[in-house]
Each structure stands twice: as C-alpha cells, then as structure tokens.
Amino acid sequence: MVKTALITGITGQDGYYLSRLLLEKHYRVVGLVPPNRQSSVAKLGALADQVEIYSVALTDPVALAEAVEQLQPQEIYNLTAPSFVPDSWKDPLATLDLVTGTATRLLDAVRQAGLATRFYQASSSEMFGQVDQSPQDENTPFRPMNPYAAAKVHAHWTMVHHRQRYGLFACSGILYNHESPLRPPNFVTRKVSLGVASIKLGLSDQLEMGNLDAKRDWGYAGDHVEAMWRMLQADEPEDYVIGTGQLHSVRELIATAFACVDLDWSRYVVVEPGLLRSDEHFHLVANPSKAKQNLDWQPQISFEALLAKMVQRDMDRLKSGTASSPLSVN
Ligand code: GDP
C-alpha cells in the first residue's frame, strides 16, 4: 500500500529534505500550503513535480479537517513555523497562532476523523531556553526565553495531551540547529558559507559577524529529517531529543568554513557590535542517546563535512549566478 504523508512547512528547508526522503521511500507526499504561499512551492525545485500541493489556510480548522478527511494520511509532519527565532518578538501572537494554532487544529482534525494517522510535531531545542543542565535530554525542563520557544512549548504539550487523553500516535522531535545549503542566509551557518565563497571568488573582502563565542549543536538537516521519519515508524509514540551531541563555537564554524578554501579567517572577519545579541548566555547541546538506542539514529554527516558541502554549494551558485536559488541540493 502506498502511504500518504501530509507536510506543513513543505517549502522550508526541512520540508525539502523530508519530502525527498519520503519520495525515495515511495510515499505519496502532499504539502498543505496556504493560498498566499503557493509561489514558494517553486523552492522545491525538481521535487515540485513529484509532490502534490493541497491549498489550505492553516488558520481554518474546518478546511484542515476536510483536508485530513479527504486525504486520509497515514502520517502528518507538522513543520510549519517562523524559523528565524528573533523575528518572533515582532509579533508574538501571530507566532503563537501559527505554531500552536496549527498543531492544535491538525491534532483535532485527526482525532475527529477517527483515523490512525501518526503525527509528528516539530519541537525545538529553543524550548529548553535557560538551561541549568547540559547536555539536555527528554527529561530536561523547558524554560522558553522567547515567544517562538513559548509557542513551541505550548504546541508540544498540546500534542502530549492528544497522545495521553485520546490515544493518538503523536510524537515530538526536539531538534537542535540543523543546517544545509538550503538554510536562508540570515542563519549563521549559511551566512558564513556564502561569505567564504564570496571572499574566495574575490566578490567581497570582509565578513561582518556577531558573537564569535556563541555555541550551538549544529547538525545536518538531511540527518535530522531521517529521525522524524523513524519516530513515526516506532512501535510506541515517544518524544526524542535530536542533535549531534557536539558543541561548536561560531569562531570554530568560521575557521572550519574558511579552511575549506584554504583561507585564514582572521584576515577577513570583523565583529560588528550591532550583530551581537543581548539575550544569549546558554549553551544548548543534545544528549541524543535515546534516539540512538530506540531508533538506531545517529548523524551521518560531520560538522566539517556539512560546512564543506555548504561552502562548495555556495561557490557553485556564485559561479553560475544562481546564488539566491535554493534548487538542486545534496
Ligand atoms: P539560532 O540558533 O536560531 O539563533 O540560529 P542562528 O544561526 O541565527 O544563530 C546561531 C548563533 O550564531 C547565535 O548565537 C548568534 O548570536 C551567533 N551569531 C554570530 N554572528 C552571527 C551573525 O552574523 N548572524 C547570525 N544569524 N548569528 C550570528
């Protein structure tokens, strides 16, 4: 039987990698895309012809229930979110509605349809916020420090309630930063890979950065979506922390990326005080032991290989004049 998977947020980085994975596994992949976001489907590149797009407002509970009823999915992956965290301060209520509202409406739609649909909720390491234990695992308390993280916590608990109260097969993956050549350039990894490629090709001679001492657990998006899929194939619905377990500083990230093209980063990088963030003092790093043990999941691509892939892809884009095109990645 061909399985049907519904994905919200299909036009984002994770939507791309997850669609690719599911298509390889011969799923019928359907993206739930709001009417005003249809043009972004082109971002899926060659995959756009292989997935189906169902136009629906994620704010409309009746239309979402109809979509679930009509498509009868075996799996739903709720990935939609404003991915750039600092933006959530600008409109906390809109963030809450998109993140928590969409999760709640979809979970209710599954419950009301009485289907055995398996549900994946995209949770985030941001939910841990102000941690006093490192690394974090599935038992670490949430202390969200921004509207995005607070909304994600609410969506997470709504998912847990549907699992406990209504017996839904619902899981959440608490994912740490995961990157790829599809990351938008406002994220630090892609900003650096694009900056390195530009400097190497003589298109610029300087890279302005914020806090070089900030640290993150950076993984590869292609690895992390594999974990999402594995969660929904498990015998029991459970939540998992998904990350590499390795902490690197922005300084290490920069040095590694410049080393990919044999350049000394210290000659090109300047710290721009306006890019420093006032609200970050905590180092989030995963303890992914549970995923390794229960799902046999572990990252396949190292930090160095990830950056080499991103820098190479940006070199290719700049040479071919398609620097803003996210198509055909690997
Ligand atoms: P986040 O984990 O969602 O905040 O992902 P980002 O990629 O935006 O930021 C990762 C870290 O890199 C944060 O601690 C930033 O303070 C730090 N950082 C340092 N310089 C920059 C920069 O120029 N741009 C961005 N986006 N982050 C930077």
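All figures in this text were calculated on a predicted structure; none of them were measured in a lab.

Undergrad: What am I meant to see in the overall build of the chain here?
TA: In terms of regular secondary structure, the chain is built from 9 helices and 13 strands. Over its C-alpha atoms the chain spans a radius of gyration of 20 Å, differing by no more than 12% from the 20 Å that the globule rule assigns to 330 residues. Considered along the principal axes of its C-alpha atoms, the chain spans approximately 60 × 45 × 40 Å. Within the chain, contacts between residues at least 6 apart in sequence are counted, and of these 78% link residues at least 24 apart.

Undergrad: I would appreciate a short explanation of helix α3 (residues 92–113) in the present structure.
TA: The periodicity of an α-helix, 3.6 residues per turn, causes residues three or four places apart in sequence to face the same way. If you check α3, its first and last C-alpha atoms are 31 Å apart, about what 22 residues at 1.5 Å a residue would give, namely 32 Å. Along α3, the helix axis deviates most sharply at G101, where the bend reaches about 30°. Listed as buried for α3 are T95, V99, T100, G101, T102, A103, R105, L106, L107, A109, V110 and A113. Following α3 by one or two positions, G114 has its phi on the positive side, about 65°.

Undergrad: Help me understand the pattern of salt bridges, please; the structure alone is not making it clear to me.
TA: Pairing between side chains of opposite charge can happen when the charged atoms of each approach one another. Under the definition given, this model contains 13 salt bridges. E75 serves as the salt-bridge partner of K3, at 3.5 Å between the closest nitrogen and oxygen. Pair noted here: K3 is in the segment before β1 (4–8) and E75 is in strand β4 (residues 75–78), with a separation of 72 residues, a long-range link. Taking relative accessible area as the criterion, K3 reaches 28% and is therefore assigned partly exposed. The salt bridge partner of R105 is D97, with a shortest N-O separation of 3.4 Å. The structure contains a network of salt bridges with shared partners spanning R190, D314 and R317.

Undergrad: Hey, could you run me through the domain arrangement of the chain in this one?
TA: A common way to report how large an interface is uses the accessible area buried once the components associate. What the domain assignment lists for the chain is domain 1 (4–175) and domain 2 (183–217 + 247–275 + 302–320). A straight line from the C-alpha centre of domain 1 to that of domain 2 covers 30 Å.

Undergrad: How do you make sense of the packing of aromatic side chains when you look at a structure like this?
TA: A ring pair, where both rings are aromatic, is described by two values, the distance of the centres and the angle of the planes. One pass over the full model with this rule turns up 7 aromatic pairs. Taken together, a centroid distance of 6.2 Å and an interplanar angle of 25° make the contact between W218 and F303 stacked. Residue W218 is located in the loop between β9 (215–216) and β10 (219–220), and its partner F303 is located in helix α9 (residues 303–320); the two are separated by 85 residues in the primary sequence. By the burial criterion, W218 is buried, and F303 matches it.

Undergrad: Before we go on, may I ask you to explain the environment of A122 in this structure?
TA: Along the polypeptide, A122 turns up in strand β5 (residues 118–124). A122 sits 68 residues away from Y54 along the chain, and the two C-alpha atoms are 20 Å apart. When residues no more than four places from it in sequence are discounted, the contact partners of A122 are N78, L79, K152 and G173.

Undergrad: Explain the confidence of the model for the chain here, please?
TA: Any residue range with low pLDDT should be treated as having predicted coordinates unsuitable for detailed reading. Looking at the chain as a whole, its pLDDT mean stands at 94, while 96% of the residues score no less than 70. A low-confidence stretch, residues 325–330 (pLDDT under 50), is modelled with 24 contacts involving residues beyond four sequence positions or located in other chains.

Undergrad: Honestly, the nonpolar core in this entry has me stumped. Any pointers?
TA: Taken as a class, soluble globular proteins show a tendency for nonpolar side chains to be buried jointly. In this structure, L18, L22, Y77 and Y120 are the most contacted members of the largest nonpolar core, which totals 40 residues. With 7 residues, the single largest contributor to this core is helix α6 (residues 221–233). Look past the residues within four positions of Y120 in its chain and what remains in contact with it is I76, Y77, N78, L79, C171, S172, G173, L175, M228, M231 and L232. Within the second largest apolar cluster, 22 residues are counted, among which are V30, L107, M159 and L168.

Here is what the cut-offs are and how they apply
- Residues numbered from 1 in each chain as written.
- Predicted model: local features only at pLDDT ≥ 70, side-chain atom pairs only at ≥ 80, totals over all residues.
- Heavy atoms only, no water.
- Helix = DSSP H or I, 4+ residues; strand = E, 2+ residues; numbered from the N terminus.
- Rg over C-alpha atoms; globule rule 2.2 N^0.38 Å.
- Contact = heavy atoms within 4.5 Å.
- Expected span 1.5 Å × (residues − 1).
- Bend = angle between axes of the 7 residues up to and from the residue.
- Buried < 20%, exposed > 50% of the residue type's maximum accessible area, 1.4 Å probe, protein only.
- Salt bridge = Lys/Arg side-chain N within 4 Å of Asp/Glu carboxyl O.
- Domains from an automatic or database assignment.
- Phe/Tyr/Trp six-rings, centres within 6.5 Å; stacked < 30°, edge-to-face > 60°.
- pLDDT = per-residue confidence, 0-100.
- Core = buried A, V, L, I, M, F, W, Y, C linked by side-chain atoms within 4.5 Å.

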